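# Inside the fold
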Amino acid sequence: MFLGLAWHWWLLLIVLLLISIPFKLKFIKWWEKRQRSKKSSKKDKWGEDV
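Keep in mind that this is a model prediction, so the values were computed, not measured.

Quick look at the overall build of the protein now. Looking only at helices and strands, the protein features 1 helix and 0 strands. Taking all 50 residues of the protein together, the buried fraction comes to 0%.

On inspection of all chains with the given rule, the structure shows 3 aromatic pairs. Ring geometry for F27 against W30: centres 5.7 Å apart, planes inclined by 40°, an arrangement best described as tilted. On the criterion of helical spacing, the pair formed by F27 and W30 is a turn pair, its members being 3 residues apart in helix α1 (residues 7–43). Classification of W30 by relative accessible area gives partly exposed; the value is 45%.

Our focus in this paragraph is the environment of S37. Mapped onto the secondary structure, S37 falls in helix α1. Residue classification places S37 among the partly exposed positions, given a relative accessible area of 40%. A polar side-chain atom of S37 sits 2.8 Å from the main-chain carbonyl oxygen of R34.

About the thresholds
- Residues numbered from 1 in each chain as written.
- Predicted model: local features only at pLDDT ≥ 70, side-chain atom pairs only at ≥ 80, totals over all residues.
- Heavy atoms only, no water.
- Helix = DSSP H or I, 4+ residues; strand = E, 2+ residues; numbered from the N terminus.
- Buried < 20%, exposed > 50% of the residue type's maximum accessible area, 1.4 Å probe, protein only.
- Phe/Tyr/Trp six-rings, centres within 6.5 Å; stacked < 30°, edge-to-face > 60°.
- Polar contact = N/O pair within 3.5 Å; in protein donor to acceptor, adjacent residues only side chain to side chain.

Quick look at the structure:
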């Protein structure tokens, strides 16, 4: 037992971490695209020099 957890809990945590990585990468790409589109849409509005 490491930090009070049995081996099968560590295995479950590792599997969940490995499954969540692709979702995190997809979210990061979506967020960057969203920020770029927000920034480009601000450029065309009156009174804003961005």
